[in-house]
Amino acid sequence: MIGIIDYGMGNLHSVCSALKRIEQPYILSGNPEELHETDGLLLPGVGSFKDAMNELKETGLIDFIKKETENGKPLMGICLGMQLLFEESTENGLTKGLGLLPGRVDRFSGVTAEGKAYKVPHMGWNNLHFLQKEQPLLKGLNEGYVYFVHSFVVQTDDRNVLAAAAHYEDVEVPAVVGRDHIMGTQFHPEKSSETGMGMLKNFCRFVEEGKQR
Amino acid sequence: MLTKRIIPCLDVKEGRVVKGIQFLNLVDAGDPVELARFYDKAGADELVFLDISASHEGRDTMVEVVERVAAELAIPFTVGGGINKLEDMKRVLRAGADKVSVNTAALLRPELITEGSDYFGAQCIVVAIDAKYDEELGSWRVYTHGGRKPTQWEVTEWAQEAVKRGAGEILLTSMDKDGEKSGFNLALTKAVSETVTVPVIASGGAGNANHFYDAFTEGKADAGLAASIFHYKETSIGELKSELQKLGVFVR
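Basis of the calculations
Residues numbered from 1 in each chain as written. Chains lettered and ligands numbered in written order. Predicted model: local features only at pLDDT ≥ 70, side-chain atom pairs only at ≥ 80, totals over all residues. Heavy atoms only, no water. Helix = DSSP H or I, 4+ residues; strand = E, 2+ residues; numbered from the N terminus. Rg over C-alpha atoms; globule rule 2.2 N^0.38 Å. Buried < 20%, exposed > 50% of the residue type's maximum accessible area, 1.4 Å probe, protein only. Contact = heavy atoms within 4.5 Å. Areas by Shrake-Rupley, 256 points an atom, 1.4 Å probe, with all protein chains shown as cover. Lys, Arg positive; Asp, Glu negative; His and termini not counted. Charge placed at Lys NZ, Arg CZ, Asp CG, Glu CD. Phe/Tyr/Trp six-rings, centres within 6.5 Å; stacked < 30°, edge-to-face > 60°. Lys NZ or Arg CZ within 6 Å of the ring centre and 35° of its normal. Pairing = 2+ DSSP bridges.

Trainee: I keep staring at the overall build of chain A and nothing clicks. Help me out?
Mentor: Looking only at helices and strands, chain A has six helices and 14 strands in total. Relative to its length of 213 residues, chain A is compact, with a C-alpha radius of gyration of 16 Å against a globular reference of 17 Å. In terms of overall dimensions, chain A has C-alpha extents of about 50 × 40 × 30 Å along its principal axes. Counting over 213 residues, chain A shows a buried share of 59%. If you take every contact in chain A between residues at least 6 apart in sequence, the share linking residues at least 24 apart comes to 68%. Accessible surface for chain A amounts to roughly 8,800 Å². Of this, 45% is attributable to carbon and sulfur atoms. One way to put it: in chain A the 21 positive side-chain charges average out to a point 2 Å from where the 29 negative ones average out.

Trainee: I tried to follow the packing of aromatic side chains on my own but got confused; where do I start?
Mentor: Tallied over the entire structure, the rule returns 15 aromatic pairs over all chains. Ring geometry for A:Phe108 and A:Tyr118: centres 6.4 Å apart, planes at 85°, overall edge-to-face. Remark: A:Tyr118 occurs in the loop between strand S7 (104–107) and strand S8 (122–127) and A:Phe108 occurs in the loop between S7 and S8; sequence separation between them is 10 residues. With a centroid separation of 4.8 Å and 65° between ring planes, the pair formed by B:Tyr119 and B:Phe120 is classed as edge-to-face. Relative accessible area serves as the criterion here: at 13%, B:Phe120 is assigned to the buried category. Among the aromatic side chains, those forming a connected cluster through ring pairs are B:Phe38, B:Tyr39, B:Phe184, B:Phe212, B:Phe216 and B:Phe230. Directly above the ring of B:Tyr119 sits B:Lys90, whose terminal nitrogen or CZ lies 4.5 Å from the centroid. Sitting above the plane of the A:Trp125 ring, B:Arg252 keeps its charged end 3.7 Å from the centroid.

Trainee: Just to check I follow, could you spell out the pairing of strand S14 (residues 182–185) of chain A for this structure?
Mentor: On any regular strand, side chains alternate: one points to one face of the sheet, the next to the other face. Residue and element names in this part refer to chain A. Burial of S14 is two-sided: the residues Ile182 and Gly184 facing one way and the residues Met183 and Thr185 facing the other way are all buried. Pairing geometry for strand S4 (residues 75–78) and S14, over four bridges, is parallel. Counterpart to Ile78 in the pairing with S14 is Thr185. Pairing between strand S13 (residues 171–179) and S14: four bridges, direction antiparallel. Across the sheet, the residue bridging to Val176 is Thr185, located in S14.

In structure tokens, the structure reads:
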């Protein structure tokens, strides 16, 4: 059973229908007690980093997520949900994140090192380069196109958490990140055709395998 | 590298796709979900549904369509038509659409763009612009009400204003070219694309792969939208993409 964390940020409908399509049982809840009963957590999110952290704080979900992941429960963040896994973001003023992965989140500069202006958000289909083929989300999949929509991007010095990247202008965009049982995608897997759906299936399989360990 | 996007547009009236759809092997060619599935398989990068229902009942039906499309498809889609207030945006986005597009309502009350953008994020808000060349203005003038009423806005000024107010994308239709199949309006597309910092979808005039090529290169568009050439099967999306690839355009 997967628990989709509902904390009032954005459209959860598409994640729910994606899980339905792959016949994965799930609950949608903002209640820590209910979510505790699940085997793995999905943290979606659209909107601003600051609003999201405020919502998580008010609902007591920050402590809950930290405790559950400390105890080894798998967690997958999607889009803003992935950014929240990191230490901090400069969106609407510096805000602390969940701090489960090393790195920070900054806006795309909109200008390359050579001074060429480019468009923000990074919106559309971009191809992935796998850096760690054995990362649980990528297992058995081929490098393919996925759908991005974001204006902020993760910066990390720790290459070990980078599982796949996309290139937008002169920026290496961390697209799939992860360490142990904590992982995430910057793009929307539920909107990314077969490649994205493959990653959701992989997460569900990882959760299932974790139960047997 | 980011690909150039190919986007079919479907006109939906009272829950049914209108305009002659001449596909074989479709059980129900008027069903938006059936067509959406077809285009998904054919390689469409996104879909746009334009709700042209005249009634409230029709609009309610559109919400059901959105729910069904969102439940069955794993590609992004935009819903336009009849979005006049924040509540309308909420209904459609909560039903599972990824973006809403606003046109006349945004010109009548530009605050609508900001309200939507603040609530859902700029990435959800597409501002659709219908523009037509105007001798007097020496540029393209923006029209409302499906191209029936002229406004005071010059197209690049309105595009800039829309982005300033929170538009995440511009869907730009050339009224001069619409339905002509003689190519996109490259000068117009380039003018807007060079003015704004968000992606621009070129629309109006697509007839073949070269037209898309020109829109992406000379017109500097990020995406190309078409209706009739896909619906009447004059060009399949697969063929279009492989031709574009030969021409050196990066597509999915």
